[in-house]
Every structure is written in structure tokens, then in C-alpha cells.
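Each chain, letter by letter, is given below.
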Amino acid sequence: MCNTKVMNSSGLNFYIDEIARLKREKNAIILAHYYQTADIQDIADFVGDSLALSQKAAANNADIILFAGVKFMAETAKILSPEKKVLLPDMLAGCSLADSCTEDEFKKFKEDNPGRTVITYVNSTTEIKAMSDIICTSSNAAKIVESLPADEKIIFAPDRNLGNYILNLTGRDIKVWNGTCHVHEEFSLEAILTLKKENQDAKIIVHPECEFPVRMIADFIGSTAALLEYTKKDDSNVYIIATEAGIIHQMKKANPEKTFIAAPPRDSTCGCSECNFMKLITIEKIYKCLLNEDPQIFINEGLMDQARIPIKRMLDMSSKLNI
Ligand code: 13P
Ligand code: SF4
């Protein structure tokens, strides 16, 4: 479902100026995910994928972090910087993937598959992170799995497509939790193939959260940051993008001469591939949130301490692996 609303330029300029003033006065920074709308990406202090955002959240000098993204991302920032105020402009900005893995069911899954190292995608609740050994993102998941001893048995949660992608890539013994993201699951193989027929020179580039048939026809598979890098280095002129369409803003900025076509979902009235949770964040809500310092992320300290261990493990492993 497409939630993006267009604001007139004087309204937009008011919010841009006020947000800049509030950021200065409050020593605040805005971290934005690539799936945010273009206007939000353009006012952010830092725009990145889930890994880069958690690295940035762990190392900055701000007193306030305003997260333009979804709740699990803001919670990760709070866990990594508990002394800071972490703001999320709309607490309803959840994630269908994180919601697909509940604490009780995951506890049972772990009990049914004992003796396995639990690697959990950052797109999960704090409770699930606290039950995990290592957190990963789509940028580092394969390298983290490969860095473990070859005979280590693994549980991967919650995304089944990313989990199966890593299983096929590494050949490791992995039990995969059956969760999915409603955006990446929805891409239509038929519509992508039709687009490819109409644009025969186009490269199909795909996020690993997409289903197997869509991954099968990809010229390149990678996290949002890896897809963006690919468009900078590759010499094609047209790309079909199978991930949330927000990333196309950065692709166009980096490659103004190239054409980017959003892969269409199976079922959508507007034909766009947007995450309705990500798109709950607006410039107006960012302004109000920064002004009132509300809504703010609060997490029980004991739970945060537990969840911090596997997140820090990911950050340490990523820096050793140079990711
Ligand atoms: P990355 O930021 O790791 O590419 O993940 C995409 C995603 O689904 C974030 O919600
Ligand atoms: Fe969650 Fe998918 Fe939206 Fe990412 S794109 S926040 S995984 S629902």
C-alpha cells in the first residue's frame, strides 16, 4: 500500500528550517534508512542500510538520536546508546518480519532445535535479539555464517528468504525460521520478466529477502547498500530494482544518467513497492517529535543488556571482517 503524500514547497521548507534549528539547539542527529521518502533522506545527517545505521548509532556525539526508520531500528540504536534519548516519530512504524517471530514460538523453536548457534536478523524484536547469539543484517549475514566453524549448527531467524539464500550460498547446516517481509515477498516474477522483455539491457538487482524465483533471475543479489554500490560500479544504463523503492532516490543521486525501474508487487493498487511501516514517518512527524522529544524509545534495562551482547558481537565481527 502506498502511503506517500506530497507536501507543497513552502510547507516543506518550514519543516526543513525548523528541524535544522532544533537539531542544532538540542545536539540531535537524524539517522534515516534508505526506505524513507526522498525528503527525509535529504534532511538526514546519515542515510544507510541497517548495518551502517547500527554502526552509526553506536558511535556518535549527539545527545538525541531521531530515527527515521522502523521500531526495531530505533530500539537497536537505544540498546547501543542507552545514555542517549532515542526518538521514533511514529511508534506504529513496526515491521511485518519482526512481528512474524514471537517470543513464545521462538523459545519453542530453540527448544526443538537444541545445540544450535542462533543467528538473528536485526529485523526482530528486542526480546528475540535477547534470545540470540549473534545478530546480523543482510550486509553481513553470509560472512558471519562463513566465519563460524564449518560444522557449527545454526538457527537463522526470522526471514526465511534471507535464511535460505545464506543456506544455499554457504551450504551450512541451518534451520530457518519461517518469517517473511510483506514488501519483499510480494514482488511479481511475471511482472519483472515482462519488464525485462521490454528493457532487454536492464539488470535485475534483488534484495535477499525476496523469494527464491525472484532471486533466481537476479543479475545481482545484495543488501540495500550493496545494491546501491552495484549501480555505481556496474556499467549498465537500466536497472530493475527488487527491493523497497525508497533506495531508488540514492541510486538516482549517484547515477543521474541511469534509469531505475521499481519492480512491481503482485497485488497493489498503485503498482509501487513501498513498506507501509517505513512510510508512516513524515517530515511533519519528525518536526513534532524533535520539538516535543516524544515519542521516545524506552526498554527495560535488563532486556537491553541481554540484547546488547549479540548486537555487539555482530559489530565486532563486522569490524574484524572489514564489513
Ligand atoms: P537492509 O537495510 O539490511 O538492506 O535491510 C532491508 C530491510 O528490510 C530493512 O527493513
Ligand atoms: Fe520490515 Fe519489510 Fe518494512 Fe523492512 S521493508 S521494515 S523488513 S516490513
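For every chain, the first residue of its written sequence is number 1, and the numbers climb from 1 along that sequence. As a convention, the first chain written is A and the first ligand written is 1, with the rest following in written order. Whole-chain, interface and lining totals are the exception, using all residues; otherwise, since this is a predicted model, local features are given only for residues with pLDDT of at least 70 and side-chain atom pairs are given and counted only at 80 or more. In computing side-chain values, all of the structure's heavy atoms are included and hydrogens and water are not.

1. Focus on empty space enclosed by the protein
Argument step 1. Method remark: on a 1 Å grid restricted to protein atoms, a set of points is classed as a cavity if a 1.4 Å probe fits but cannot get out and as a pocket if it is open with protein on both sides within 12 Å along at least five of seven lines; lining residues have an atom within 4 Å of a point. Grid points are joined across faces, edges and corners, and a volume is the space filled by probe spheres set on the points. Scanning the model with the defined rule gives 2 cavities of 30 Å³ or more in all.
Argument step 2. Estimates place the volume of the largest cavity at around 220 Å³.
Argument step 3. In terms of lining, the largest cavity is formed by 24 residues, of which the most central are Tyr35, Phe72, Asn123, Glu209 and Met278.
Argument step 4. Of all elements in the fold, only α4 (71-80) and α5 (96-99) reach the threshold of two or more residues within the lining of the largest cavity.
Argument step 5. Polar here means any residue outside two lists: the nonpolar Ala, Val, Leu, Ile, Met, Phe, Trp, Tyr, Cys and Pro, and the charged Asp, Glu, Lys and Arg; Gly therefore counts as polar. Per-class residue counts for the lining of the largest cavity are 12 nonpolar, 10 polar and 2 charged. Each helix is a run of H or I in the DSSP string that is no shorter than four residues. Each strand is a run of E no shorter than two, and both are numbered from the N terminus.

2. Structural notes on the packing of aromatic side chains
Argument step 1. In this analysis, rings of Phe, Tyr and Trp, with Trp reduced to its six-membered ring, are considered paired at centre separations within 6.5 Å, and the interplanar angle assigns stacked below 30 degrees, edge-to-face beyond 60, and tilted for intermediate values. Scanning all chains against the criterion turns up 9 aromatic pairs.
Argument step 2. Seen in terms of ring centroids, Phe106 and Phe109 are 6.3 Å apart; in terms of plane orientation they differ by 20°. Their pairing is stacked. With a gap of 3 residues between them, Phe106 and Phe109 both fall in helix α6 (residues 103-112), about one helical turn apart.
Argument step 3. We classify Phe109 as buried; its relative accessible area is 17%.
Argument step 4. An aromatic cluster of at least three residues, connected via ring pairs, comprises Phe220, Tyr230, Tyr239 and Phe260. Partly exposed describes any residue whose relative accessible area lies between the buried limit of under 20% and the exposed limit of over 50%, with all areas from a 1.4 Å probe on protein chains only and scaled to the type maximum.

3. So, the site of ligand 2
Argument step 1. Nearness here has a simple test: a residue counts as near a molecule or strand if at least one of its heavy atoms is within 4 Å of that partner. Ligand 2 sits among Tyr35, Val70, Cys95, Ser96, Asn123, Cys181, His182, Val183, Glu209, Cys275 and Met278.
Argument step 2. Classifying every residue of the shell around ligand 2 by side-chain character gives 7 nonpolar, 3 polar and 1 charged.

4. A closer look at the environment of Ala142
Argument step 1. Its place among the elements puts Ala142 in helix α8 (residues 141-147).
Argument step 2. In the structure, Ala142 is positioned 20 residues away from Leu162 in sequence and 9.4 Å away in space, judged by C-alpha atoms.
Argument step 3. Residue contacts are counted whenever heavy atoms from the two residues lie within 4.5 Å of one another. Apart from residues no more than four positions distant in its own chain, Ala142 is found in contact with Ile166, Leu169 and Thr170.

5. So, the site of ligand 1
Argument step 1. Taken together, the neighbourhood of ligand 1 is formed by 13 residues, with His33, Ser50, Ser138, His207 and Thr224 sitting nearest.
Argument step 2. At a separation of 3.4 Å, an oxygen atom of ligand 1 approaches a polar side-chain atom of Asn123.
Argument step 3. The contact in question runs from an oxygen atom of ligand 1 to an N or O atom on the side chain of Thr224, over 2.8 Å.
Argument step 4. Every accessible area reported is derived by Shrake-Rupley at a probe size of 1.4 Å, with residue values counting cover from the shown protein chains alone. Against a free-state accessible area of 300 Å², the protein chains account for coverage of 96% of ligand 1.
Argument step 5. Placement in a cavity or pocket follows one criterion, namely that more than half of the molecule's atoms lie within 2 Å of its grid points. Judged by its atoms lying within 2 Å of the grid points, ligand 1 is housed in the largest cavity. In the analysis that follows, any N or O atom pair within 3.5 Å is treated as a polar contact, provided that within protein one partner can donate a hydrogen and the other can accept it, and provided that, for residues neighboring in sequence, both atoms belong to side chains.

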